[in-house]
Amino acid sequence: MKLPALKILDEKHKILHTKSKEVSFPVDEKTQALCYDMIKYLEMSQDEKIAEKYNLRAGMGLAFIQLGIPKRIFVIANENEDHTFEEHIIINPKIISQSEEMVYVGEGEGCLSVNREVEGIVPRHARINIEYYDFAGNKKTMRAREDLAVAFQHEIDHLNGILFVDLIDPKNPFKDMENMREL
Ligand code: NI
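Just so you know, these numbers come straight off a predicted model, no measurement behind them.

A.B. asks: Can you break down the sheet that holds strand S8 (residues 181-182) residue by residue, with the values?
C.D. replies: The sheet built from three strands is open, its strands ordered S5-S4-S8 with mixed pairing. Both outer strands of the open sheet, strand S5 (124-125) and S8, are each paired with one neighbouring strand and no more. Relative to S5, strand S4 (residues 102-104) runs antiparallel, the two sharing two bridges. Its bridge partner lying in S5, valine 103 is registered against arginine 124.

Take a look at the structure:
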């Protein structure tokens, strides 16, 4: 399997702090092909041997803006217990409801655009309902919970020019920890 040649931008690129634009439909074939390349990249990055061979960090989500393309699209590849993947291609998403319960990833969040150790936790909703579109422009809804909900919130933030590190107060990186559940 050949690793898709994607150039993932580091956080020093200012474009990562800009808001991406709504996508119009139908989505062109080139953009669709890029989505599948991104998913393939993520799945390969989660395979230890391949990751070692190509010196990759494991990632479960990637937004177009991380490739320098300001379109409101992201993909997620979430590994199941049987090593197959749950794949999502999400266009023009909107969070329509969210749980009051807040959670955080205990080991801290990671991002393929943040190439350094970051101390601190990010408050996230434990469950969210979103609306989004497929390539043809059909409106869909989905519910995400736990780790998948965190991944969706992290990626939706990318579309709004926000990196997870922006959500950590450096003076108090574990703020409100006691009011949230650890994942
Ligand atoms: Ni990220």
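A.B. asks: Residues and numbers for the sheet that holds strand S2 (residues 73-79), please.
C.D. replies: On the basis of which strands lie adjacent, the open sheet formed by five strands has the order S1-S2-S3-S6-S7 and antiparallel pairing. The outermost strands of the open sheet, each flanked by one partner alone, are strand S1 (61-63) and strand S7 (139-145). Here the average twist between neighbouring strands, direction ignored, is 40°. In the sheet, strand S3 (residues 85-98) pairs with strand S6 (residues 127-133) via five bridges, with the strands oriented antiparallel. Each bridged residue has a counterpart across the sheet, and for lysine 94 the counterpart in S6 is glutamate 131. Packing against the sheet, helix H1 (residues 29-45) makes contact with S1, S2 and S3, and its axis sits at approximately 30° to S2. Contacting S1, S2, S3, S6 and S7, helix H3 (residues 146-159) runs over the sheet at an angle of about 160° to S2.

A.B. asks: Outline the packing of aromatic side chains, supporting the account with residue identities and numerical values.
C.D. replies: A full pass over the atoms with the stated rule returns three aromatic pairs. Aromatic side chains tyrosine 36 and phenylalanine 135 sit 6.0 Å apart centroid to centroid with 75° between the ring planes, which places their arrangement in the edge-to-face category. Linking tyrosine 36 in helix H1 with phenylalanine 135 in the loop between S6 and S7, this pair joins segments that are 99 residues apart in sequence. A residue is classified by how much of its surface remains accessible, and tyrosine 36, at 48% relative accessible area, is partly exposed. Of the residues examined, phenylalanine 135 reaches a relative accessible area of 14% and is grouped as buried.

A.B. asks: Give me unusual backbone geometry: which residues, what numbers.
C.D. replies: Cis geometry is found at the peptide bond from phenylalanine 25 to proline 26, where omega equals -5°. Positive phi outside glycine occurs at glutamate 146, with the angle close to 55°. By the secondary structure assignment, glutamate 146 is in helix H3.

A.B. asks: Describe in detail the side chain of glutamate 43, supporting the description with residues and values.
C.D. replies: Along the chain, glutamate 43 turns up in helix H1. Although glutamate 43 is buried, it makes no salt bridge; lysine 40 carries the closest opposite charge, 9.2 Å away. With residues up to four places along the chain from it excluded, the contact list for glutamate 43 reads Ala77, Phe85 and Glu87.

A.B. asks: So what's going on with the pattern of salt bridges? Which residues, and what values?
C.D. replies: As enumerated under the stated definition, the model contains nine salt bridges in all. In this structure, arginine 181 engages glutamate 101 in a salt bridge whose closest nitrogen and oxygen atoms are separated by 2.6 Å. Placement of the pair is arginine 181 in strand S8 and glutamate 101 in the loop between S3 and S4, with a sequence separation of 80 residues. A relative accessible area of 31% means that arginine 181 is categorised as partly exposed. In this structure, arginine 124 engages glutamate 109 in a salt bridge whose closest nitrogen and oxygen atoms are separated by 2.8 Å.

Criteria and cut-off values
- Residues numbered from 1 in each chain as written.
- Predicted model: local features only at pLDDT ≥ 70, side-chain atom pairs only at ≥ 80, totals over all residues.
- Heavy atoms only, no water.
- Pairing = 2+ DSSP bridges.
- Helix = DSSP H or I, 4+ residues; strand = E, 2+ residues; numbered from the N terminus.
- Axes fitted to C-alpha atoms, helices over the stretch in contact; angles between N-to-C directions.
- Contact = heavy atoms within 4.5 Å.
- Phe/Tyr/Trp six-rings, centres within 6.5 Å; stacked < 30°, edge-to-face > 60°.
- Buried < 20%, exposed > 50% of the residue type's maximum accessible area, 1.4 Å probe, protein only.
- Lys, Arg positive; Asp, Glu negative; His and termini not counted.
- Salt bridge = Lys/Arg side-chain N within 4 Å of Asp/Glu carboxyl O.

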